[in-house]
Amino acid sequence: MTAEPTSARSQARYDAETLASLTADAAQIMARYPDPRSGLLPMLHLVQSVDGYVSRDGIMFCAEQLGMTAAEVSAVATFYTQYKRHPNGTYTVGVCTNTLCAVMGGDAIFEELSEHLGVGHDETTEDGAITLERVECNAACDYAPVVMVNWEFFDNQTPESAAALTDRLRLGEDVAPTRGASSVCSFKRMSRVLAGFPDGRADEGETAGAPTLAGLRLARAASGSVGEGDPSSPGAPSASVVPPSAPARPGQPGDEGSPSPTSGAASASGPAAGRAPGTGEEQQEAEVPPETGAERSSAERKPAATGDESPGRSPSGGKADPEPERKGRDDD
Amino acid sequence: MTDLLPVLTDTWDAERSWKLATYEEAGGYAGLRKALTMEPGDLVQAVKDSGLRGRGGAGFPTGMKWGFLPPPDGGPRYLVVNADESEPGTCKDIPLMLASPQHLIEGVAITSYAIGCDHAFIYVRGEVLHVYRRLLAAVTEARDAGYLGTDVLGSGFDLEVTVHAGAGAYICGEETALLDSLEGKRGQPRLKPPFPAVAGLYARPTVVNNVESIASVPGIVAHGPDWFSAMGTEKSSGHGLFSLSGHVTRPGQYEAPLGITLRELLDLAGGVRAGHELKFWTPGGSSTPIFTADQLDTPLDYESVGAAGSMLGTRALQIFDDTTCVVRAVSRWTDFYAHESCGKCTPCREGTYWLKQVLHRIEAGDGEERDVDLLLDLCDNILGRAFCALGDGATSPVTSSVELFRDEYQAHIDGGGCPFDPSASALFEYTPRNRRTPALAGGAGVGGH
């Protein structure tokens, strides 16, 4: 594993400048791990940040860096859905159509986008702007139905909001996710971050939406504290609970252990302590102004106005051909 | 009535909650300071005494897992945090890492010290860009403050932390597949034994723990194991994040002691969607057999949920009301398992494929009389015969839904189609483009790997 610029004999046909910069980045990636081979996944994200997909050259490059064969690299690259085998659009628009989001409206959103954009799953619009995907559960079920754009969260979507979102993306406008950076970056920039090279945007965006804070706000209301993270206001309603902000007990761990749990033993013991009900019925509205998401919890929302309002049909259907594959064909 | 109990969530509403300064103001890193004054073995014992069990679904006692590491032999030992949250319905670790990544980082530091690890890894799924940004920044902040790196807080303990982004594969949530993936390979599970504790990452002793498990460690150390075990039930101690989603008035994260019931949680969350009744729900993600209103009062702890015929899993409570077609729900989950099956073992690879085919034709109204039994037979040939838990999990929604809603399957077959209007279960009104086979519109869905 050499950190030196790969020689001119490299079979990856990058120009000298690109190759030098890729090689320097690859060296940084490999240095993060005790075994350089662990750097393969980030390295594949890295070549996507240059080529917009895992190209033949990208595979050759990774193979040379890691002393693997191209077949071995391809075997890995084709296993993971985020590695694209054809040039990706500037934006991956992923509609969650796993059960919960599908039932809550994800199916309708996908249908709308597919018709609106004139493409199906894993296809790219003619202008190269958008690759449409069905995606699996993205761990945002409390914001269903969810759309991801370059893996940033667009919560509580409707067919109309999602179609408008894609219109703005195609016009090249800045679009802000509901929870994430202040605007969505391109597929290539995203891929560079996923390769482990920060873009300095971690502090952008809000902390959490209303569902994330739903329980906490109830607990605050119940304990009479409306503190915004005030360390002196215990969030836990029960006196038996020491909130993390409280000074640590001078406890001596290790004496009198609780019975060690044995899995499989079925016990129907109820909750440890019955406490007074302290349910505040209040929930503060989210003050987060999401770009396209709903401003309140999705289930509270009134049904959106219906009516067929698909404004501009996409120019045409048809297969994606965002950019000519540069050289050779996709290795598989 | 069980009260909510903000512990991990306690700082989430703070201004810039993800910053180290915010976390420190709330008492953060007291646990690490204390831990560094203790013997590593005493820390392992403290976590054993707390009764903390794995929050990633399996519920294995965390301290015991640490205790399985062989005695130090001078070579490296690793901590790998499983942040590959992908189980359908599960949405707790992602908001935790977005809102309070330092909670996890402190847990990583304490755990690493306890098990003698000087290089820890956080394997986060690649499909959550901003979470990855926040984790990278959190590690940098913690290192700059002396909580990570060389000579942590002057203790002589060194710790490097690498945050690693995956690339889209549910199977990598299985701990040995995760390790293969982290080694730069296809994410396929390994034969066990040897367990990761003996031969894990790079065949070295390795602890693999879920995000929430590790994030629970600082509190246990700071406040003592008794503080933790006083919460929850005797065998399922402590606090946990309960994630309500679906047809519920206020979906979201509700942190409570283990043992709270769905009825209590629904009360807190404003109940099932107005005008509708609860039809079925998952206690811990799609891989756990579904429940109905009959289990509203089942304490959500490992033992009680197990005794009721399901698993606590990840406390991913997906709520479906009376508008939801159970065949459609299960068919879609099955698409997911077929898509995510890694292909290593035949029962899962072929079995999920055939489950998907049969469910599609039932849902589309083309089912045959024998198809429901065929589904059960297929499940019989997967459950217990697959290489890892993915195959077992794929059978859970099928077998449990047939048991509870066989009539509904039959109605699809007898009626030649789905009797439900999919738009009724959505949160907005729309006209399905393909009434007969709504779920299949737009093609057969995602392909395999």
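As the structure is a computational prediction, the values presented were derived from the model and not from experiment.

## Here's the deal with the overall build of chain B
So, step 1. Looking only at helices and strands, chain B features 17 helices and eight strands.
So, step 2. Against the 2.2 N^0.38 benchmark of 22 Å for 449 residues, chain B shows a C-alpha radius of gyration of 22 Å, consistent with a compact globule.
So, step 3. On the principal axes, the C-alpha backbone points of chain B span a range of 70 × 45 × 35 Å.
So, step 4. Out of the 449 residues belonging to chain B, those deemed buried represent 71%.
So, step 5. By sequence separation, contacts in chain B at least 24 residues apart represent 69% of the contacts at least 6 residues apart.
So, step 6. Carbon and sulfur atoms form 51% of the exposed surface of chain B, whose accessible area is close to 12800 Å².
So, step 7. Where the 37 positive side-chain charges of chain B centre and where its 57 negative ones centre are 5 Å apart.

## Quick look at the domain arrangement of chain A
So, step 1. What the domain assignment lists for chain A is domain 1 (6-77) and domain 2 (91-184).
So, step 2. The C-alpha centroid of domain 2 of chain A is placed 30 Å from the C-alpha centroid of domain 1 of chain A.

## Examining the pattern of salt bridges
So, step 1. For the structure shown, the criterion picks out 39 salt bridges over all chains.
So, step 2. Residue A:Asp127 pairs with A:Arg170 through a salt bridge whose shortest N-O separation is 3.0 Å. Residue A:Asp127 is located in the loop between β2 (123-124) and β3 (130-135), and its partner A:Arg170 is located in helix α6 (residues 159-170); the two are separated by 43 residues in the primary sequence.
So, step 3. The class for A:Asp127 is partly exposed, based on a relative accessible area of 44%.
So, step 4. For A:Arg170, a relative accessible area of 22% gives the class partly exposed.
So, step 5. Across the salt bridge formed by B:Asp335 and B:Arg332, the nearest N and O atoms sit 3.9 Å from each other.

## Description of the domain arrangement of chain B
Residue and element names in this part refer to chain B.
So, step 1. The assigned domain composition of chain B is domain 1 (20-225), domain 2 (239-321) and domain 3 (326-441).
So, step 2. On a C-alpha basis, the centroid separation for the pair domain 1 and domain 2 is 27 Å.
So, step 3. Tallying the contact residues gives 17 residues for domain 1 and 17 residues for domain 2.
So, step 4. Both faces combined, the contact of domain 1 with domain 2 buries some 1300 Å², and carbon together with sulfur accounts for 48% of it.
So, step 5. In this structure, the connection of domain 1 to domain 2 is made through two salt bridges.
So, step 6. Counting residues per element, the ones that place at least two in the side of domain 1 that touches domain 2 are α5 (93-99) and α9 (211-223).
So, step 7. Class assignment of the residues belonging to the side of domain 1 that touches domain 2 gives a composition of five nonpolar, seven polar and five charged.

## Quick notes on the environment of B:Ile290
Residue and element names in this part refer to chain B.
So, step 1. Mapped onto the elements, Ile290 comes out in the loop between β7 (278-282) and α12 (302-307).
So, step 2. Overall, Ile290 belongs to the buried group, its relative accessible area being 5%.
So, step 3. Note: C-alpha distance between Ile290 and Ala426 (136 residues apart in sequence) is 20 Å.
So, step 4. The contact partners of Ile290, leaving out residues within four places of it in the chain, are Phe280, Trp281, Thr282, Val326, Trp333, Ser400, Ser401, Leu404 and Phe405.

## A look at the side chain of B:Thr90
So, step 1. Its location among the elements puts B:Thr90 in the loop between β1 (78-83) and α5.
So, step 2. Overall, B:Thr90 belongs to the buried group, its relative accessible area being 4%.
So, step 3. In this structure the side chain of B:Thr90 is engaged in a polar contact, spanning 2.7 Å, whose partner is the side chain of B:Thr314.
So, step 4. If we ignore the near neighbours within four places in the chain, the residues touching B:Thr90 are A:Ala139, A:Cys141, B:Glu85, B:Thr314 and B:Ala316.

## Focus on the packing of aromatic side chains
So, step 1. Inspection of the entire model under this criterion finds 20 aromatic pairs over all chains.
So, step 2. With 5.8 Å between their ring centres and 85° between their planes, B:Phe320 and B:Trp333 make a pair best called edge-to-face. Remark: B:Trp333 occurs in helix α13 (residues 326-340) and B:Phe320 occurs in strand β8 (residues 316-321); sequence separation between them is 13 residues. The pair B:Phe320 / B:Trp333 is uniform in exposure class, with both members buried.
So, step 3. Among the aromatic residues, those joined into a ring-pair cluster are A:Tyr33, B:Tyr78, B:Phe121 and B:Tyr202.
So, step 4. The side chain of A:Arg179 reaches across the aromatic face of A:Tyr143, ending 3.7 Å from its centre.
So, step 5. Its guanidinium or amino end placed over the ring of A:Phe197, A:Arg192 lies 4.4 Å from that ring's centre, counting from NZ or CZ.

## Notes on the sheet that holds β1(B)
Residues and elements named next belong to chain B.
So, step 1. If you trace the four strands from one edge of the open sheet to the other, you get β3-β2-β1-β4, paired in parallel fashion. Unpaired on one side and paired on the other, β3 (160-165) and β4 (206-210) mark the two borders of the sheet. Here the average twist between neighbouring strands, direction ignored, is 20°.
So, step 2. Sheet topology places β1 next to strand β2 (residues 119-124); six bridges connect them, and they run parallel. Residue pairing in the sheet places Val81 in a bridge with Ile122 of β2.
So, step 3. Along the sheet, α9 makes contact with β1 and β4, crossing β4 at roughly 95°.

## A look at the sheet that holds strand β5 (residues 152-154) of chain A
So, step 1. The five strands lie next to each other as β2-β3-β1-β4-β5 (chain A), forming an open sheet whose pairing is mixed. Of all the strands in the sheet, just β2 and β5 of chain A have a single pairing partner and so form its edges.

## Some points on helix α7 (residues 187-194) of chain A
So, step 1. Looking only at α7(A), the buried set comprises A:Phe187, A:Met190, A:Ser191, A:Val193 and A:Leu194. Buried positions in α7(A), seen along its axis, are confined to an arc of 155° and lie on one side of it.

## Considerations on unusual backbone geometry
Residues and elements named next belong to chain A.
So, step 1. Looking along the chain, the bond that leaves Ala144 and enters Pro145 is cis, with omega of -5°.
So, step 2. Within the secondary structure, Pro145 sits in the loop between β3 and β4 (147-149).
So, step 3. The backbone phi angle of Trp151 is positive, close to 65°, even though this residue is not glycine.
So, step 4. As for its position among the elements, Trp151 is in the loop between β4 and β5.
So, step 5. Within the chain, Asn156 stands out as a residue other than glycine whose phi angle is a positive 50°.
So, step 6. On the basis of relative accessibility, which here comes to 6%, the residue Asn156 falls in the buried class.

## What to know about the environment of A:Leu41
So, step 1. Structurally, the position occupied by A:Leu41 is in helix α2 (residues 40-51).
So, step 2. Assessed through its relative accessible area of 0%, A:Leu41 is described here as buried.
So, step 3. Here the alpha-carbon distance between A:Leu41 and A:Cys62, two residues 21 residues apart in the chain, equals 9.7 Å.
So, step 4. When residues no more than four places from it in sequence are discounted, the contact partners of A:Leu41 are A:Val76, A:Tyr80, A:Tyr83, B:Tyr123, B:His164, B:Ala165, B:Gly166, B:Ala167, B:Ser181, B:Gly184 and B:Lys185.

## Here's the deal with the pairing of strand β6 (residues 252-257) of chain B
Residues and elements named next belong to chain B.
So, step 1. Burial runs high along β6: six of the six residues are buried.
So, step 2. Pairing of strand β5 (residues 239-246) with β6, which is carried by six bridges, proceeds in the antiparallel orientation. When the bridges of β6 are listed, Leu241 appears paired with Glu255.
So, step 3. Between the end of β5 and the start of β6, which pair antiparallel, lie five residues.

## Regarding the packing of helix α6 (residues 101-115) of chain B against helix α7 (residues 129-144) of chain B
Residue and element names in this part refer to chain B.
So, step 1. It is the contact of α6 with α7, at a shortest axis distance of 9 Å, that shows an interaxial angle of 55°. On the basis of their axis angle, the class for α6 and α7 is oblique. At the point where α6 passes α7, the crossing takes the right-handed sense. Residue-level contacts link Pro101, Gln102, Leu104 and Ile105 of α6 to Arg134, Leu135, Ala138, Val139, Glu141 and Ala142 of α7.
So, step 2. When the residues that make up the contact of α6 with α7 are grouped by side-chain class, the tally is seven nonpolar, one polar and two charged.

Parameters at a glance
Numbers given for residues are sequential positions, taken from 1 along each chain in its written order. The naming scheme follows written order: chains are lettered A onward, ligands numbered 1 onward. Local features in a predicted model are, by the rule used here, given only for residues with pLDDT of at least 70; side-chain atom pairs are given and counted only at 80 or more, and totals for whole chains, interfaces and linings are based on all residues. For side-chain calculations, the full set of non-hydrogen atoms in the structure is used, while hydrogens and water are omitted. Runs of E in the DSSP output that reach at least two residues are strands. Runs of H or I that reach at least four are helices, and both are numbered from the N terminus. Between the two quantities, the radius of gyration covers C-alpha atoms and the globule rule is 2.2 Å times the number of residues to the power 0.38. The classification of residues rests on relative accessible area computed with a 1.4 Å probe and restricted to protein chains. Under 20% of the type maximum is buried, over 50% is exposed, and intermediate values are partly exposed. Any two residues whose heavy atoms approach within 4.5 Å are treated as being in contact. Here the Shrake-Rupley method, with its probe set to 1.4 Å, supplies the accessible areas, and only the displayed protein chains count as covering residues. Charge convention: Lys and Arg are scored as positive, Asp and Glu as negative, and His as well as the terminal groups of each chain are ignored. Taken as the charge location is NZ of Lys, CZ of Arg, CG of Asp or CD of Glu. These domain limits were set by an automatic method or by a database of domain assignments. Any Lys or Arg side-chain nitrogen found within 4 Å of a carboxyl oxygen on Asp or Glu counts as a salt bridge. Buried area is understood as the total, over both parts, of accessible area removed when two parts are fitted together, assessed with a 1.4 Å probe. Note on residue classes: Ala, Val, Leu, Ile, Met, Phe, Trp, Tyr, Cys and Pro are nonpolar, Asp, Glu, Lys and Arg are charged, and everything else, Gly too, is polar. Definition of a polar contact: a pair of N or O atoms within 3.5 Å, with one able to donate and the other able to accept a hydrogen when the atoms are protein atoms, and with sequence-neighbouring residues admitted only if both atoms are side-chain atoms. Geometry of aromatic contacts follows a simple scheme: Phe, Tyr and Trp rings, the Trp one being its six-membered ring, pair when their centres are within 6.5 Å, and the pair is stacked under 30 degrees between planes, edge-to-face over 60, tilted otherwise. Distance and angle both matter: a charge sits over a ring if NZ of Lys or CZ of Arg is within 6 Å of the ring centre and within 35 degrees of the ring normal. Pairing between strands is defined by DSSP: at least two bridges between them are needed. What counts as an axis is a line fitted to C-alpha atoms, over the stretch in contact for a helix, and the angles between N-to-C directions run from 0 to 180 degrees. The arc in question is the one traced by the directions running from the helix axis out to the C-beta atoms. For this classification, under 35 degrees means roughly parallel, over 145 means roughly antiparallel, 65 to 115 means roughly perpendicular, and everything else is oblique. Two helices cross in a left-handed way if the nearer one is turned anticlockwise from the farther one by less than a right angle. They cross in a right-handed way if the turn is clockwise.

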